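# Remarks on the overall topology
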Amino acid sequence: MLKKSANGASSRKEGSTHIYFSPDPRNLSCAISSRPIQSASVKAIHTAHMRSRLFRSDNLLTITWVVCLLFVLGGCSILPGHWRPGWNQQWPAGKPVPHTAGSWNLTELESKDERFVALAISGGGSRAANFGAAVMLELRQRGLLEQVDVISGVSGGTLPAVYYGLGDKAGAFTEPAVREALGYDFQSSWIRRWFLPQNMFRYWLSDFTRSDIMVQVFNNQLYHDATFADLQPHPKILINSTVHNDNTRFTFTDERFAALHSVLAPYPVANAVNASSAFPGAFQDVTLQWYMEPTQYLHLYDGGPIDNLGVQAITQYMNRNVLGTTLDRLFPKGCVIFVIDATPSSDHTDLDFKQSSRSAIDYFVDTNALDATDAMLIESRRSLLERMGIPVEKQDRDPRGRLPVNDLRQCGCEVRHISLRHLLYTEVSEANEDLAERVTRIKTKFWLSDGEQNDLFQAAKVIMELLDHKQLLSESSFKVPCGSVSVQKPPA
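Right, let's walk through the structure included here. Just so we're clear, the structure is a prediction, and the values are computed from it rather than from any experiment.

Criteria and thresholds
Residues numbered from 1 in each chain as written. Predicted model: local features only at pLDDT ≥ 70, side-chain atom pairs only at ≥ 80, totals over all residues. Heavy atoms only, no water. Pairing = 2+ DSSP bridges. Helix = DSSP H or I, 4+ residues; strand = E, 2+ residues; numbered from the N terminus. Buried < 20%, exposed > 50% of the residue type's maximum accessible area, 1.4 Å probe, protein only. Patch = residues over 30% accessible without salt bridge, like charges linked within 9 Å, V, L, I, M, F, W, Y side chains within 5 Å. Areas by Shrake-Rupley, 256 points an atom, 1.4 Å probe, with all protein chains shown as cover. Salt bridge = Lys/Arg side-chain N within 4 Å of Asp/Glu carboxyl O. Expected span 1.5 Å × (residues − 1). Core = buried A, V, L, I, M, F, W, Y, C linked by side-chain atoms within 4.5 Å. Contact = heavy atoms within 4.5 Å. 1 Å grid on protein atoms, 1.4 Å probe; cavity = no way out; pocket = protein on both sides within 12 Å on 5 of 7 lines; lining within 4 Å. Points joined across faces, edges and corners; volume = space filled by probe spheres on them. Nonpolar A, V, L, I, M, F, W, Y, C, P; charged D, E, K, R; others polar.

## Description of the pairing of strand 8 (residues 248–251)
Relative to strand 8, strand 7 (residues 236–243) runs antiparallel, the two sharing 4 bridges. Residue pairing for strand 8: N240 is matched across the bridge by T251. Connecting the antiparallel pair strand 7 and strand 8 is a turn made up of 4 residues, with N247 showing a positive phi of about 55°.

Written out as structure tokens, the structure reads:
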């Protein structure tokens, strides 16, 4: 005869033996006892069973984490193939390469007005991006931005360069639109995306990296999956990074990709911007495949260590196209390079009264590494500005320089150095002295407060007004200087 217990179990009495059947379909075992089964005994059996299951689950989880850790320490990914978005494509040999704005070629678009105007926008995270964009808007008010033929960007300076180069594909290049686009907190969005399940899975189990997460942020906020084919044909857009393999400069051009047996046109601009701004310590490098036998790879990171001003790419563009002629014949109406320099102050007096310099972001990225990088970049900056005819003692005071090029007449291109640090050493009002202190102490990061952004836009207005006052923005001041003068070797 079967009897139901209070917990739903059934037992059959056969002589002095009780047979207990569990109602749980996951437990197909039965317990045989020589005495009646009490409810406490049933609970004990159930508890022991649950502990056994939990123990097995914990073991499985532990084994999984150990395996993942071993692969991470071994520098390997578990899942084969390319999990990184925007892998560069192979291009058949002999097939014509489509032209993009990333090119060394001089076309009629650059030469038809007989004047060469270039922008070099320095690195410096959101500080450089917003200051660069603010200066560009000031140039537009003076009718100069539309004359620009080449924009060379490094790290944070690539953000406004590509945003402008995409035209309506990115958004309107007006002050409200630019402020909204470049004032975005890229850094927090990047950190939040670390914890998306799909990103966590790929990060730990494939070749997907933190840099690829920032590509998502750039596409979502700025570039909307645009490629180099989407860039307007004018001006040229030159994005610069550093080759990890041999510590040389890499500029994203049709010619450079063709040398990799690849093609630039379908390559996402967000990936190139990320490669230029992937400063070590926060981001991993960006990989390009070299389609040869055996297959090789280039690994790219922040362009700042080679040239944080972006001047070398413009120099290369000019030297390639001046061969066989002279600069004054090529551009009889003048040549000028605007170097937009967001280099911060070189001292950190704010640390004098702090017991610890660690901030909230230092739990994710060591900002000391960024400050140390800034210190090294300042020395590189001195050397580059000297080559542009601005001696060290005048680099934060005199905005005028001259960049020599390789032609027989020893011609050069006028330089206008537009630097945040000029505000520290120029005679300005007391209000602008306070402004100078604030803008030159904005850290290198990928976010800004509203006050910091306002200060950077105001700094651009003040500096451009100083250039107006010195008559350094007039077309007559852009005339190409030539002559038998002592010319320093131009940057490579």
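## Details of the pairing of strand 9 (residues 286–290)
Among the 5 residues in strand 9, 4 count as buried, and that is most of the element. For strand 9 and strand 10 (residues 296–302), the ladder comprises 5 bridges, and the chain directions are antiparallel. Paired with L288 across the bridge in strand 10 is L298.

## Here we look at a nonpolar patch on the surface
Nonpolar side chains collect at one region of the surface, where F195, M200 and W204 lie side by side and expose about 320 Å² of accessible area between them. Mapped onto the secondary structure, F195 falls in the loop between helix 6 (186–193) and helix 7 (197–205).

## A few points about helix 16 (residues 450–469)
Helix length check: helix 16, at 20 residues, gives a terminal C-alpha distance of 29 Å against a target of 28 Å (1.5 Å per residue), a fit within 8%. Listed in full, the buried residues belonging to helix 16 are E452, Q453, D455, L456, F457, A459, A460, V462, I463, M464 and L467. Just beyond helix 16, the residue with positive phi is Q471, at close to 55°.

## Observations concerning the nonpolar core
F131, L159, F218, Y223, F252 and F338 are the most contacted members of the largest nonpolar core, which totals 89 residues. By residue number, the principal contributor to this core is helix 3 (residues 125–141), which donates 9 residues. Apart from residues lying up to four places away in sequence, L159 is in contact with A129, L182, F186, F218, L222, Y223, V273 and F446. The next biggest cluster of nonpolar side chains, apart from the first, holds 28 residues, and it includes A118, I337, V415 and V480.

## So, the pattern of salt bridges
Counted under the stated rule, the structure contains 17 salt bridges. Connected through shared salt-bridge partners, E138, R142, K461 and D468 make up one network.

## Here's the deal with empty space enclosed by the protein
According to the stated counting rule, one finds 6 cavities of 30 Å³ or more in the structure shown. The computed volume of the second largest cavity comes to approximately 90 Å³. If you trace the second largest cavity, you find 12 residues lining it, with N308, T343, L377, I378 and R381 closest to the centre. In the lining of the second largest cavity, the residues fall into 5 nonpolar, 4 polar and 3 charged.

It is worth stressing that arrangement in space is one thing and function is another; only the former is reported here.
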